[in-house]
Amino acid sequence: YRVPSAIAAFCREHQDVSIQLTVLPSPEATRRIVDGSADVAMIFALGPQRDVNVEFSCPAPAYAVVADDHPLTAHAKVSLAELCQYPLSLPAKGISQRELFDIATQMEGLSPRIAMITDHINPAMEFARSGVGATLLSHFARREGLTDGLRFIPVDHPALGERRAQILTMPRRRQSALAAAFIQTMTKVLRQD
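Throughout, a residue's number is its position along its own chain's written sequence, starting from 1. This being a predicted model, a pLDDT of at least 70 is required before a residue's local features are given, and a value of 80 or more before pairs of side-chain atoms are given or counted; all residues contribute to the totals for chains, interfaces and linings. Think of the side-chain values as coming from all heavy atoms in the structure, minus any hydrogens and water.

Trainee: Report on helix H1 (residues 2-13), specifying residues and quantitative values.
Mentor: With 12 residues, H1 extends 17 Å from end C-alpha to end C-alpha; this agrees with the ideal 16 Å at 1.5 Å per step. When accessible area is computed with a 1.4 Å probe and restricted to protein chains, residues below 20% of their type maximum are described as buried, those above 50% as exposed, and intermediate ones as partly exposed. In this text, helices come from DSSP runs of H or I with a minimum length of four residues, and strands from runs of E with a minimum of two, each type numbered from the N-terminal end. By the burial criterion, the buried members of H1 are Arg2, Val3, Ala6, Ile7, Ala9 and Phe10. Each buried residue of H1 sits inside an arc of 165° when the element is viewed along its axis, so together they form one side. Expected helix span is given by 1.5 Å per residue-to-residue step, counting one fewer step than there are residues. Arc definition: directions from the helix axis to the C-beta atoms.

Trainee: I'd like to hear about the nonpolar core, residue by residue, with values.
Mentor: Remark: nonpolar core denotes a set of buried residues (Ala, Val, Leu, Ile, Met, Phe, Trp, Tyr, Cys) joined through side-chain atoms within 4.5 Å. The biggest cluster of nonpolar side chains holds 19 residues, and the ones touching the most others in it are Val78, Leu80, Leu83, Phe101, Leu136, Val155 and Leu160. Elements with a minimum of two residues in this core: strand E3 (63-67), helix H3 (80-83), strand E4 (88-90), helix H4 (96-108) and strand E6 (134-137). If one sorts the elements of this core by residue count, H4 sits on top with 3 residues. By size, the runner-up hydrophobic cluster in this structure holds 17 residues, among which are Ala60, Ile167, Ala181 and Leu190.

Trainee: Explain the pattern of salt bridges residue by residue, including any values.
Mentor: When the charged atoms of two side chains with opposite charge come close together, those side chains can pair. Any Lys or Arg side-chain nitrogen located within 4 Å of an Asp or Glu carboxyl oxygen qualifies as a salt bridge. All told, the structure shown has 7 salt bridges when counted by the stated rule. Between glutamate 28 and arginine 31 there is a salt bridge, with the nearest N and O atoms lying 2.5 Å from each other. Of this pair, glutamate 28 and arginine 31 are both found in helix H2 (residues 26-34), 3 residues apart, which corresponds to roughly one turn of the helix. Look at arginine 31 and you get partly exposed, because its relative accessible area is 40%. For aspartate 35, the salt bridge goes to arginine 31, with nearest N and O atoms at 2.5 Å. Here aspartate 35 falls in the partly exposed class, since its relative accessible area comes to 42%.

Trainee: Mind laying out the packing of H1 against helix H6 (residues 177-191), listing which residues take part and the relevant values?
Mentor: To get an axis, a line is fitted to the C-alpha atoms, and for a helix only the part in contact is used. The angle between two axes follows their N-to-C directions and goes from 0 to 180 degrees. Following both chains from N to C, one finds H1 and H6 inclined at 130°, their axes separated by 9 Å at the closest point. Between H1 and H6, the angle falls in the class oblique. Like other packed secondary-structure pairs, H1 and H6 cross with a definite hand, here right-handed. Each of Arg2, Val3, Ser5, Ala6, Ile7, Ala9 and Phe10 in H1 lies in contact with H6, whose residues at this interface are Leu178, Ala181, Phe182, Thr185, Met186, Val189 and Leu190. Looking at the contact of H1 with H6 residue by residue, the class counts come to 11 nonpolar, 2 polar and 1 charged. Orientation is classified from the angle alone, with under 35 degrees giving roughly parallel, over 145 giving roughly antiparallel, 65 to 115 giving roughly perpendicular, and any other angle giving oblique. For a crossing to be left-handed, the near helix must be turned anticlockwise from the far one by less than a right angle; the clockwise case is right-handed. Note on contacts: a residue pair is in contact if any heavy atoms of the two residues lie within 4.5 Å. Basically, the charged four are Asp, Glu, Lys and Arg, the nonpolar ten are Ala, Val, Leu, Ile, Met, Phe, Trp, Tyr, Cys and Pro, and anything else, Gly included, counts as polar.

Shape is all these values report; function is a separate question.
Structure representation (structure tokens):
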């Protein structure tokens, strides 16, 4: 949700630009930066990035997302064991959030019940909003109107705090003034909480 907001803000100030937004898994987005077929990428990363410039980086920890009336809302933080007591909607294997979740549950010896697998945020939020279970999202998913009826609760496990949101560009590629301005706009929007 933050990337389209940044694009809209940028287009308000630069009405003559056209931006192509492609949603890809982080490794593919990074590859496109490396090979020069994309100018800017926003990814979720689990570690240091090679062969790219990291223009901006900030934490993107996992939050348990549940309906406002879900039993987990009684907690300021939720443990992984508490979260795994409920059906979960998670992304497919290979997505950074899922990788961290799988590592954390293996470390703790937990057997979660994964009721739904989806790589799209809206079905995951609707699953949580239904009250049936929970999903994992970063705080970047919060958006007035779209996350009404949902509560974001920090998950108390170190592995689920390892993910970072990053803006990437190609090293040694001279950025245009418009690209630099867009990166500034993206950075500003990602810093909003």
